[in-house]
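This is what each chain is made of:
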Amino acid sequence: MKQETIIIFDYGSQYTRLISRRLRENNVFCDLVSPNIDPKFFKDRKIKGFILSGGPNSVYDNSAPKIPEWILDYDIPILGICYGMQLIAQAFNGKVEKTQNREYGDAVLRIKKESKLFENIPPSNKVWMSHSDKIITLPEKFIATAETNNTFCAAFEKDNIFGVQFHPEVDNTNLGDEILINFALKICKVKNNWTSKNFIQNSIAQIRDEVGNKNVICAISGGVDSSITATLIHRAIGEQLTSIFVNNGLLRKNEEHDVMNFLKNDLGLNVHLYDASNQFLEKLKNITDPEQKRKIIGAEFINVFEKESKKIKNVEFLAQGTLYSDVVESAIIKDGHQVVIKSHHNVGGLPEKMNLKLIEPLRLLFKDEVREIGKELGINKNIIGRHPFPGPGLAIRIMGEITETKLSILRESDHIFIEELKKSNIYDDIWQAFAVLTDTQSVGVMGDNRTYQHCIAIRAVNSKDAMTADWSKIPYEILSKISSRIINEVDGINRVVYDITSKPPSTIEWE
Ligand code: XMP
């Protein structure tokens, strides 16, 4: 059965993601895509409506992104928000005026005509505005359904095409959710059946259908995304799924043991462990450049995975835990306007190299939705709440050359840091925390002796999606305890510093 979907075209407004948020929170499934997308992309969906988002451009700019003409042939409802509304006006020969004065902030919307969009919305309602241009002549056969002090046309419609100048997706718009839901449920008549339970049932049915009697392999790291991906596929096709866990020698303390234990005993997966530590560390000898480290690790991973997977017969599919944010966040704004969505691969380059078909059951979900699916699947709460850990592992947390001694120092320090966060019950309030072994050595004094040892940095950040992040305000007492434990328990460290930079200008990882 095809998933009923509302398609949201992203014209670059800072609020666009909130539109999809609001719909999904109301169990309406939607997809956020570039206006340049090829309609063939939607062949597996049942499209019930289109939303054109706001954006920073003016419709008269030469380089302004356009309305995708093909949506007008579908004869299904369209809602334009802000810039999206102006695009509709332009497409139907209305007139939009460039204004010097930007209207930004609260406004009072007065509804003038009955409209399905405003069902159960009071005649006067607070809304959020953020625009420069406005409509000065209505497009042909459209009627203005609402006004504000600033414009006679704060909303318009014709048949099943609607536009609003304000932002219903923003909290400051009173009853904005209701307006979006009126559009989705009453106008588009999309089913609001998007729940974790349904998602799981549908995914399992789809995977069974697609895979048939072939085999699937999955590169598994023990992190949230790959564990949930493998669990879903395992529920669908059982032993036809083989997961491969590669120890690249760059894992954290006890990680191999803990992850294998969890994957086998908790999740009941069929997992092959491949210990390639020596092989990776050999390749990384004398390498200090961060990009080179990443490239070597990526290439070696592909070699190992390809070799291991050849031992499994009849494989036609590769499963990956790609999330919606991986797809959307890798959108690049080019020339200030054109949004290009590129496909993101968690295990970079594997699908092309191995010529396998991809299965990415989580590709339409946000991280918190994935966590909900995990809960529904009964996955251990500790796994669902695990902080992200990068593919290149500790290699990008050791500045300079990677050696066994440095790895061991870092593992011990990192372990103490995380243990203390858990003991203080603040681990779950932090997006990601870890230790970094800097390449600085400094003078210290321990007992009566001078020391000249490594400096370790600890980093903890709060973030929604890792695109931006703020450093976590961990209480001083906890920082102090972490510092003295690291100094006392880890040989080779005589100084601990706390990283207090945000992203941007820093990144979360140090390399
Ligand atoms: P940065 O350092 O770019 O990190 O601010 C953002 C988030 O991405 C993680 N990260 C990676 N994850 N492979 C991964 O799977 C990688 O190569 C990689 N590099 C960074 C990082 O831990 C943070 O959560």
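How each quantity is defined
- Residues numbered from 1 in each chain as written.
- Predicted model: local features only at pLDDT ≥ 70, side-chain atom pairs only at ≥ 80, totals over all residues.
- Heavy atoms only, no water.
- Pairing = 2+ DSSP bridges.
- Helix = DSSP H or I, 4+ residues; strand = E, 2+ residues; numbered from the N terminus.
- Axes fitted to C-alpha atoms, helices over the stretch in contact; angles between N-to-C directions.
- Contact = heavy atoms within 4.5 Å.
- Near = heavy atom within 4 Å.
- Polar contact = N/O pair within 3.5 Å; in protein donor to acceptor, adjacent residues only side chain to side chain.
- Areas by Shrake-Rupley, 256 points an atom, 1.4 Å probe, with all protein chains shown as cover.
- Nonpolar A, V, L, I, M, F, W, Y, C, P; charged D, E, K, R; others polar.
- Salt bridge = Lys/Arg side-chain N within 4 Å of Asp/Glu carboxyl O.
- pLDDT = per-residue confidence, 0-100.
- Expected span 1.5 Å × (residues − 1).
- Buried < 20%, exposed > 50% of the residue type's maximum accessible area, 1.4 Å probe, protein only.
- Phe/Tyr/Trp six-rings, centres within 6.5 Å; stacked < 30°, edge-to-face > 60°.
- Lys NZ or Arg CZ within 6 Å of the ring centre and 35° of its normal.

### Remarks on the sheet that holds strand E18 (residues 357-359)
With parallel pairing, the five strands of this open sheet are ordered in space as E14-E13-E12-E15-E18. If you trace the sheet from one side to the other, it starts and ends with strand E14 (271-275) and E18, each paired once. Adjacent strand axes in the sheet meet at a mean angle of 30°, parallel and antiparallel pairs treated alike. As paired strands, strand E13 (residues 241-247) and E14 are joined by five bridges and run parallel to one another. Its bridge partner lying in E14, phenylalanine 245 is registered against leucine 273. Running over the sheet, helix H6 (residues 255-266) touches E13 and E14 and is turned about 165° from E14.

### With respect to the site of the ligand
Contacts to the ligand come from Arg294, Pro388, Pro390, Gly391, Pro392, Gln432, Ala466, Lys503, Thr507, Ile508 and Glu509. Side-chain polar atom of glutamine 432 to an oxygen atom of the ligand: 2.7 Å apart, as the coordinates give it. Isoleucine 508 places a main-chain nitrogen or oxygen 2.8 Å from an oxygen atom of the ligand. In isolation the ligand offers 490 Å² of accessible surface; the protein chains occlude 69% of this area. Partitioning the shell around the ligand into residue classes produces five nonpolar, three polar and three charged.

### Some thoughts on the pattern of salt bridges
One pass over the structure, following the stated rule, counts 33 salt bridges. Linking aspartate 171 and arginine 22 is a salt bridge whose minimum nitrogen-to-oxygen distance equals 3.4 Å. With aspartate 171 in the loop between strand E11 (161-164) and helix H3 (176-187) and arginine 22 in helix H1 (residues 16-25), this residue pair connects regions lying 149 residues apart in the sequence. A network of salt bridges, in which partner residues are shared, links Glu419, Glu420, Lys423, Lys481, Arg485 and Glu489.

### Section: the confidence of the model for the protein
Averaged over all residues, the pLDDT of the protein equals 90, while 94% of them reach at least 70. Considering only residues more than four positions removed or in separate chains, one finds that residues 329-346, a stretch of pLDDT under 50, has 39 contacts.

### Some thoughts on H3
End to end, H3 covers 16 Å across 12 residues, agreeing with the expected 16 Å (1.5 Å per residue, within 8%). For H3, the complete set of buried residues consists of Gly176, Ile179, Leu180, Ile181, Asn182, Phe183, Ala184 and Ile187. Elements in contact with the buried residues of H3: strand E1 (3-9), H1, strand E3 (45-52), strand E4 (78-81) and E11. Directly beyond the C-terminal end of H3, a positive phi value near 55° is found at lysine 189.

### Some remarks on the sheet that holds strand E7 (residues 124-131)
Read across the open sheet, the nine strands follow the order E2-E1-E3-E4-E11-E10-E9-E6-E7; overall the sheet is mixed. Looking at which strands have only one partner, the edges of the open sheet turn out to be strand E2 (30-33) and E7. Strand-to-strand twist of the sheet, defined as the mean angle between neighbouring strand axes without regard to direction, takes the value 30°. By the bridge criterion, three bridges tie strand E9 (residues 143-147) to strand E10 (residues 155-158) in an arrangement that is antiparallel. Bridge assignment links alanine 144 to a residue of E10, and that residue is phenylalanine 156.

### Some points on the side chain of glutamate 369
Mapped onto the elements, glutamate 369 comes out in helix H11 (residues 367-376). There is a polar contact of 2.7 Å between the side chain of glutamate 369 and the side chain of arginine 24. Beyond its immediate chain neighbours, meaning those up to four positions away, glutamate 369 contacts Arg24, Trp194 and Leu364.

### A closer look at the packing of aromatic side chains
In total, this model carries 15 aromatic pairs according to the counting rule given. Look at tryptophan 194 and phenylalanine 199: their rings are 5.5 Å apart centre to centre, the planes differ by 75°, and that puts the pair in the edge-to-face class. The class of tryptophan 194 is buried, set by a relative accessible area of 10%. Accessibility expressed as a relative area gives 8% for phenylalanine 199, which makes it buried. Between the aromatic rings of phenylalanine 301 and phenylalanine 305, the centroid separation amounts to 5.9 Å while the plane-to-plane angle is 15°, which identifies the pairing as stacked. Of this pair, phenylalanine 301 and phenylalanine 305 both sit in helix H8 (residues 290-309), four residues apart, roughly one helical turn. Phenylalanine 305 carries the same exposure label as phenylalanine 301, and that label is buried. Ring-pair connections join several aromatic residues into one group, and the members of that group are Phe9, Phe42, Phe50, Trp70 and Tyr74. Residue placement shows arginine 252 over the ring face of phenylalanine 389; its charged tip is 3.7 Å from the ring centre.

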